[in-house]
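Here is what each chain is made of, one letter per residue.
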Number of protein chains: 2
Amino acid sequence: MPGKILITSGPTRQYLDPVRYLSNGSSGQMGQRLAQSALDHGFDVVVVSGPVTVRYPKLCQLVSVVSTDEMLNATIDHFDSCCGMIAAAAPCDYAPAVVAEDKIKKDGQRIQIDLLETPDILAKVGQLKRANQWTVGFALETSDVHERAFQKLKKKKCDLIVINGPSAIDSDHNEIEMMDATGFIVSKFAGTKKAVANAILQQVKKRLLGTGRF
Amino acid sequence: MPGKILITSGPTRQYLDPVRYLSNGSSGQMGQRLAQSALDHGFDVVVVSGPVTVRYPKLCQLVSVVSTDEMLNATIDHFDSCCGMIAAAAPCDYAPAVVAEDKIKKDGQRIQIDLLETPDILAKVGQLKRANQWTVGFALETSDVHERAFQKLKKKKCDLIVINGPSAIDSDHNEIEMMDATGFIVSKFAGTKKAVANAILQQVKKRLLGTGRF
């Protein structure tokens with residue numbers, strides 16, 4: 001019995017005022033493909049997703065959120081009943097220190113905004129996870145890629161990390177490397193997000209479920 | 001012969017770094033409905049759209065852009081051959097003063113960013129328009145709605161302005177008022193965006209094409 005996987009997916013938004021927000025171009029496609037692939041591999045799936053237009057498989061449980069705090073809370077709520085989590089979301093990691101109640105009115109002048117870091121969902125789950133639970137992170141870096149990915153994996157206590165570049169955002173294709181907890185690249189893969197999702201699920205099954213931890 | 005209408009649609013994005021951007025929740029649905037309605041009323045249509053997932057009618061010419069500057073340039077390029085413009089886009093009106101080349105690395109500290117106003121597309125077109133061209137703007141305000149809409153209409157030299165609220169964003173429904181160049185509310189309408197689009201096109205035909213200006 002493979003159990004249930006939690007997949008976070010899509011971007012989150014952090015509003016400056018009722019209209020404008022900070023976000024990123026994550027489309028939710030990778031999360032959608034991972035959800036389908038996890039179902040195909042026999043897992044139950046819960047998807048915690050930010051605002052996207054992709055449609056997740058009907059057979060998964062969908063929890064829709066907007067902000068990073070909401071994604072964190074929903075993730076913590078659901079992780080307890082899951083064997084592991086694949087963090088494919090791209091949560092907005094900065095939030096305006098002040099959110100204006102009314103739409104900020106333009107007056108021709110520059111404005112300055114303070115941005116605070118939002119909670120790190122994967123790191124929080126890394127702290128919470130039990131010995132028989134695992135997490136897979138995603139690293140999207142534009143320089144110093146392997147070193148940064150390894151630092152991220154250690155900081156967030158991931159069991160595997162999927163490394164990709166900004167070209168993955170809002171594209172149907174992806175080119176990835178997978179790094180294990182020792183920093184070793186255990187797999188490279190390029191293809192459609194559907195094929196990449198399947199490659200990731202295979203590694204999860206082989207390395208995380210196959211280790212006797214379950 | 002009704003001629004050609006330019007419709008701007010969707011949000012624009014202003015990047016802070018290769019991944020993070022400032023934007024808003026405009027879905028492009030209103031622009032999509034206006035494009036279809038304009039075609040139905042016999043106009044040729046060119047749509048200048050920011051990044052959206054809606055599909056515009058095949059019979060319109062589509063120009064895809066990302067930033068507000070790109071939307072401005074494409075709009076100016078195409079407006080010359082049009083009888084008028086309906087500005088349904090929600091261009092991101094602030095842009096970071098500095099765009100980081102690499103993804104900004106989190107270090108636990110708050111960061112401060114300067115935001116500059118982006119060019120006002122509708123105001124620029126208002127300055128360029130010939131005596132036989134017209135523009136219809138959209139006002140999305142959260143307080144002081146009519147006064148702000150009238151100031152906007154005057155500043156941008158619109159012939160009509162459509163007033164709606166933030167509930168219109170990313171929704172299939174809309175509730176609008178239309179204000180003419182004298183500040184008079186000439187029409188109120190609530191319904192699906194398809195019905196609202198048709199109501200707007202009817203006002204365009206009645207008030208802008210019917211005045212003998214064409």
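Scroll up to find the structure.
To keep things clear, this report deals only with the structure shown in the data block. (Residues numbered from 1 in each chain as written. Chains lettered and ligands numbered in written order. Predicted model: local features only at pLDDT ≥ 70, side-chain atom pairs only at ≥ 80, totals over all residues. Heavy atoms only, no water.)

Moving on, we come to the overall build of chain A. When its secondary structure is counted, chain A shows five helices and 12 strands. The C-alpha atoms of chain A give a radius of gyration of 17 Å, which matches the 17 Å a tight globule of 214 residues would have. Expressed as lengths along the three principal axes of its C-alpha atoms, the size of chain A is roughly 60 × 35 × 30 Å. Surface exposure of chain A reaches about 9400 Å², of which carbon and sulfur atoms provide 49%. Averaged over its 26 positive side-chain charges, chain A has a centre that lies 4 Å from the centre of its 23 negative ones. (Helix = DSSP H or I, 4+ residues; strand = E, 2+ residues; numbered from the N terminus. Rg over C-alpha atoms; globule rule 2.2 N^0.38 Å. Areas by Shrake-Rupley, 256 points an atom, 1.4 Å probe, with all protein chains shown as cover. Lys, Arg positive; Asp, Glu negative; His and termini not counted. Charge placed at Lys NZ, Arg CZ, Asp CG, Glu CD.)

Contact with chain B, which involves 36 residues of that partner, is made by 37 residues of chain A. For the pair chain B and chain A, the two sides together bury roughly 3800 Å², of which 50% comes from carbon and sulfur. Broken down residue by residue, the surface that chain B buries against chain A is led by B:Y94, B:K106 and B:R110, which jointly contribute 16%. Between the two partners, chain B and chain A, sit four salt bridges. Measuring nitrogen to oxygen at the nearest pair gives 2.8 Å for the salt bridge that ties B:D93 to A:R20. Run the count over chain B and chain A and you get 20 residue pairs in polar contact (both at pLDDT 80 or more). Those elements giving two or more residues to the side of chain B that touches chain A turn out to be β3 (20–24) and β8 (111–117) of chain B. Per-element accounting of the side of chain B that touches chain A gives the leading share, seven residues, to β8(B). Here the residues of the side of chain B that touches chain A are counted per class, giving 14 nonpolar, nine polar and 13 charged. With five bridges connecting them, strand β8 (residues 111–117) of chain A and β8(B) associate as antiparallel partners. Looking at β8(B), one finds that A:I113 is bridged to B:I113. (Contact = heavy atoms within 4.5 Å. Buried area = accessible area lost by both parts, 1.4 Å probe. Salt bridge = Lys/Arg side-chain N within 4 Å of Asp/Glu carboxyl O. Polar contact = N/O pair within 3.5 Å; in protein donor to acceptor, adjacent residues only side chain to side chain. Nonpolar A, V, L, I, M, F, W, Y, C, P; charged D, E, K, R; others polar. Pairing = 2+ DSSP bridges.)

Residues and elements named next belong to chain A. Pairing geometry for strand β11 (residues 173–180) and strand β12 (residues 185–192), over seven bridges, is antiparallel. When the sheet's bridge partners are listed, N174 is paired in β12 with G191. Joining the antiparallel neighbours β11 and β12 is a turn of four residues, in which G183 adopts a positive phi near 90°.

Residue and element names in this part refer to chain B. On strand β6 (residues 84–87), burial covers both faces: G84 and I86 on one face and M85 and A87 on the other are all buried. In this sheet, β6 lies alongside strand β1 (residues 4–9) in parallel orientation, the contact comprising four bridges. Within β6, the position partnered with T8 by the bridge is A87. Relative to strand β9 (residues 134–140), β6 is paired through three bridges, and the arrangement is parallel. Paired with I86 across the bridge in β9 is V136. (Buried < 20%, exposed > 50% of the residue type's maximum accessible area, 1.4 Å probe, protein only.)

Moving on to the sheet that holds β8(A). A sheet is described by the order of its strands in space; here four strands give the open sequence β7(A)-β8(A)-β8(B)-β7(B), paired in antiparallel fashion. Single-partner strands in this sheet number two, and they are β7 (94–96) of chain A together with β7 (94–96) of chain B. Across the sheet, the mean angle separating the axes of adjacent strands is 45° when strand polarity is ignored. (Axes fitted to C-alpha atoms, helices over the stretch in contact; angles between N-to-C directions.)

Take helix α3 (residues 121–128) of chain B next. Because each turn of an α-helix spans 3.6 residues, side chains separated by three or four positions end up pointing in the same direction. Turning to α3(B), its buried residues number three or more, namely B:I121, B:L122, B:A123, B:V125 and B:G126. Turning to α3(B), the residues buried within the fold contact α2 (68–79), β6 and β9 of chain B.

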